[in-house]
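# Observations on the model geometry
Each chain, letter by letter, is given below.
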Amino acid sequence: MKTCDICGIKSHESGDDPFMFGQWKSLSNVTVHYFCLLLSTKLPQRGDDSVGILGFLLTDIRKEIAQARHRKCEYCSKMGANVSCHKCGDLFHMPCAVTNRCTIEFCGNFISYCDTCRPLDDYKTQILKNPPKKQSCVICFETIHSCYLHCVSYGDCCRLGFAHMMCMRKYAMSSGYYLRCPWCRNSKFRDLIRLQSIFVPDRDAAWELEPNAYRDLHRSVFRCDQEECICPKGRQFTNKTWSILMCKFCTVSGVHSKCLVGTQGVDKISDIPKDFKCTICVQIIKSRAENLETSLYIRKNGPKSSEGAAIDSQEPVFSDDNCVDPGTSNQEFISLTSTSLPSNTSSLPPPPQSDKDKERLWIQKSFNVRGEPFLYLVVYKTDGPKCLGTCTYRFHEDDPRISDKSFEALELIEVSEEDIWFYHDDCHYWEENKHLDSCQQ
Ligand SMILES: [Zn+2]
Ligand SMILES: [Zn+2]
Ligand SMILES: [Zn+2]
Ligand SMILES: [Zn+2]
Ligand SMILES: [Zn+2]
Ligand SMILES: [Zn+2]
Ligand SMILES: [Zn+2]
Ligand SMILES: [Zn+2]
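Residues numbered from 1 in each chain as written. Chains lettered and ligands numbered in written order. Predicted model: local features only at pLDDT ≥ 70, side-chain atom pairs only at ≥ 80, totals over all residues. Heavy atoms only, no water.

## Things to note about the overall build of the chain
Which entries qualify depends on this criterion: To qualify as a helix, a DSSP run of H or I must reach at least 4 residues; to qualify as a strand, a run of E must reach at least 2; elements of each kind are numbered from the N terminus. The contact criterion used is simple: two residues touch if any of their non-hydrogen atoms lie within 4.5 Å. Each accessible area is a Shrake-Rupley estimate made with a 1.4 Å probe; only the visible protein chains count as cover when residues are assessed.
If you tally the helices and strands in the chain, you get 13 helices and 17 strands. In the chain, the proportion of contacts linking residues at least 24 apart, taken out of those at least 6 apart, comes to 58%. Total accessible area computed for the chain in this model is approximately 22200 Å², and 49% of it derives from carbon and sulfur atoms.

Pasting the structure below:
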């Protein structure tokens, strides 16, 4: 039997699920849930992985243990609460937060929200009001009986379906670096899903470290994702001659072995490798080899000192405006704009007049996301007098192009395909001024 020294919850009291609470970690006479380290609101991570328990210093952990003894959990009324709601300050045990309806962000500052304070965007509100019916889980294929917001997860990249929360936890844990959206195969999913209380390890797929671990945790939808699929019966057809290989790394990208011939160095059927790696995973492997990362675990930003919780100026901005901004309605994380960092919004530009206008960027706004070293720039995309929508670009803080963050300077920078983070295409404001007016109020 194990007891977590921080939250005080024992392994036999349901505190023993590594997918929900993290693995047990011990050093000297201290034993804790890994997620209690990550999610304890006042516990900073001040060292690198080789120091203390995965960068959490024993002195800081002991201090947290002592302080948690005086904090009562709102859910179970026992002492040992180590997580506080980022908005109202209510206190919970980490396991109570995970098993109740709290929303946890497994990235940046690792902040949590209680069920009344959790940030809701239009999509979440819609699920909450009308829980979708007759959904089946993309991972286990079973029916999702209660499609309530707190028991399902989805890809915010495409919103094409749902998965059981638990299935997603296992899937994310087992895929690590190679995690991709099981619906649209987008790799941005890896960052987005962390905002839905899902822990994604920064490491190789678990089965690569321990062969066969989690192998049966999820099945995949067999589908040929080759750019040109030559199967006459379509991408999802499979039989003996049209067998589909699934990518060894992400397990969501597939290919008919016949469609592979003539691409990726495969000249004939007999050259087809047993271990198929999709092109995106090959890219990930390459870039990882280039920037050798040795850390197996993810980094926590803040609180900056063990004295205080997350810094006040990083309070997320909650909009109580029902009208959704055209540039942000699809992306929940944008509502987390940090007010302490440079962020400004231009007034809406007039339609471009001259050729010179066409060359510069019509910036809607710029923003930062708490805990991320990036500047996002939302730019109107135009076609003559028509606005096609917005394109959001992302630049690393160190990028010399954004050293001057004034709009005058940003308007003139050169952007490339690689800077594109996502498109948002349902804005036509020069044509539909009514909509614009209602947005501005
Ligand atoms: Zn614990
Ligand atoms: Zn509790
Ligand atoms: Zn709250
Ligand atoms: Zn499932
Ligand atoms: Zn997706
Ligand atoms: Zn095919
Ligand atoms: Zn792959
Ligand atoms: Zn509007």
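What follows continues from the structure just given.
## Focus on unusual backbone geometry
To keep things clear, this is the line we draw: Buried residues are those whose accessible area, probed at 1.4 Å on protein chains only, stays under 20% of the maximum for their type, while exposed residues exceed 50% and partly exposed ones sit between those limits.
Unlike most non-glycine residues, Arg 159 shows phi in positive territory, near 50 degrees. The phi dihedral of Arg 185 is positive, around 70 degrees, even though this residue is not glycine. Position of Arg 185 among the secondary structure elements: in the loop between α6 (165-175) and α7 (189-192). Here Arg 185 falls in the buried class, since its relative accessible area comes to 11%.

## Details of the coordination of the zinc ion (ligand 3)
Tetrahedral coordination by four donors sets the ideal angle at the metal to 109.5 degrees; octahedral coordination by six donors sets it to 90 or 180 degrees. The condition is simple: A donor here means any N, O or S atom no more than 2.8 Å from the metal (3.2 Å for Na, K and Ca); water is not included, so a site may seem to lack partners. Any coordination sphere not matching a tetrahedral pattern (four donors, all angles between 85 and 135 degrees) or a square planar or octahedral pattern (four or six donors, opposite donors over 155 degrees apart, other angles between 65 and 115) is reported as irregular.
Protein-derived ligands of the zinc ion (ligand 3) are Cys 85 (SG), Cys 88 (SG), Cys 114 (SG) and Cys 117 (SG), with the metal-ligand distances lying across 2.2 to 2.4 Å. In this structure, the zinc ion (ligand 3) is surrounded by four donor atoms whose angles at the metal cover 99 to 118 degrees, and the resulting shape is tetrahedral. Positions of the donor residues of the zinc ion (ligand 3), expressed as sequence spacing, correspond to C-x2-C-x25-C-x2-C. A single burial state applies to Cys 114 and to Cys 117, both of which are buried.

## Considering helix α5 (residues 122-129)
Note the threshold: It is the directions from the helix axis to the C-beta atoms that the arc portrays.
Every buried residue of α5 is accounted for by Tyr 123, Lys 124 and Ile 127. Buried residues along α5 cover an arc of 95 degrees about the axis, so they all sit on one side.

## Side note on the packing of aromatic side chains
We apply this condition: Put simply, two rings from Phe, Tyr or Trp (the six-membered ring, in Trp's case) pair if the centres are within 6.5 Å, and we call them stacked under 30 degrees between planes, edge-to-face over 60, tilted for the rest. For a Lys NZ or an Arg CZ to count as sitting over a ring, it must be within 6 Å of the ring centre and within 35 degrees of the ring normal.
Taken as a whole, this structure holds ten aromatic pairs when the rule is applied. With centroids separated by 5.0 Å and ring planes inclined at 35 degrees, the aromatic side chains of Tyr 75 and Phe 92 adopt a geometry described as tilted. Separated by 17 residues along the polypeptide, Tyr 75 in the loop between α3 (58-68) and β3 (83-84) and Phe 92 in strand β4 (residues 91-92) bring together distant segments of the chain. Overall, the relative accessible area of 30% leaves Tyr 75 in the partly exposed class. Judged by its relative accessible area of 2%, Phe 92 is buried. Ring centres 6.2 Å apart and planes at 75 degrees place the aromatic pair Tyr 154 and Phe 162 in the edge-to-face group. Grouping residues by exposure puts Tyr 154 and Phe 162 together as buried. Linked through ring pairs, Tyr 34, Phe 35, Phe 106, Phe 110 and Phe 199 together constitute an aromatic cluster. The cationic tip of Lys 258 hangs over the ring face of Trp 242; the distance from NZ or CZ to the ring centre is 4.8 Å. The aromatic ring of Phe 374 is capped on one face by Arg 394, whose charged end is 3.6 Å from the ring centroid.

## Remarks on the pairing of strand β1 (residues 24-27)
Put simply, the test is: Pairing between strands is defined by DSSP: at least two bridges between them are needed.
Where β1 meets strand β2 (residues 30-33), four bridges bridge the pair, whose relative direction is antiparallel. Across the sheet, residue Trp 24 finds its bridge partner in β2, namely His 33. Between β1 and β2, which pair antiparallel in sequence order, lie two residues; one of them, Ser 28, sits at a positive phi of approximately 50 degrees.

## Quick notes on the pattern of salt bridges
Put simply, the rule is: Every case where a carboxyl oxygen of Asp or Glu lies within 4 Å of a side-chain nitrogen of Lys or Arg is listed as a salt bridge.
Applying the stated criterion to the full structure yields ten salt bridges. For Arg 159, the salt bridge identified is with Asp 156, shortest N-O distance 2.8 Å. Its relative accessible area of 5% is what places Asp 156 among the buried residues. Taking the shortest distance from any N to any O, the salt bridge between Asp 191 and Arg 194 comes out at 3.6 Å.

## Some words on the nonpolar core
Note the threshold: Nonpolar cores were defined as sets of buried Ala, Val, Leu, Ile, Met, Phe, Trp, Tyr and Cys residues, with membership established by side-chain atoms within 4.5 Å. The source of the domain bounds is an automatic or database domain assignment.
Ile 139, Phe 162, Met 168 and Phe 189 are the most contacted members of the largest nonpolar core, which has 46 residues in total. Elements supplying a minimum of two residues to this core: α5, α6, α7, α9 (257-260) and α10 (279-290). Per-element accounting of this core gives the leading share, five residues, to α6. There are two domains that each give this core at least three residues, and those are domain 2 (122-209) and domain 3 (220-300). Grouped together as the second largest cluster of nonpolar side chains are 42 residues, Phe 21, Leu 38, Val 98 and Ile 104 included.

## Concerning α6
For α6, a buried count of nine out of eleven residues is recorded, marking the element as mostly surrounded by other parts of the structure. Among the residues of α6, Met 165, Cys 167, Met 168, Arg 169, Tyr 171, Ala 172, Met 173, Ser 174 and Ser 175 are the ones counted as buried.

## Some remarks on the side chain of Ser 11
Relative to the assigned elements, Ser 11 resides in the segment before α1 (18-21). Taking relative accessible area as the criterion, Ser 11 reaches 14% and is therefore assigned buried. Apart from residues lying up to four places away in sequence, Ser 11 is in contact with Met 1, Lys 2, Asp 16 and Trp 24.

## With respect to the confidence of the model for the chain
Low-pLDDT portions of the prediction should not be read for the details of their coordinates. So the rule is basically this: Per-residue confidence from the predictor is given as pLDDT, running between 0 and 100.
With 73% of its residues at a pLDDT of 70 or more, the chain shows a mean pLDDT of 76. Here residues 292-296 is a poorly scored stretch, pLDDT under 50, and it has eight contacts once near neighbours within four places are set aside; other chains count.

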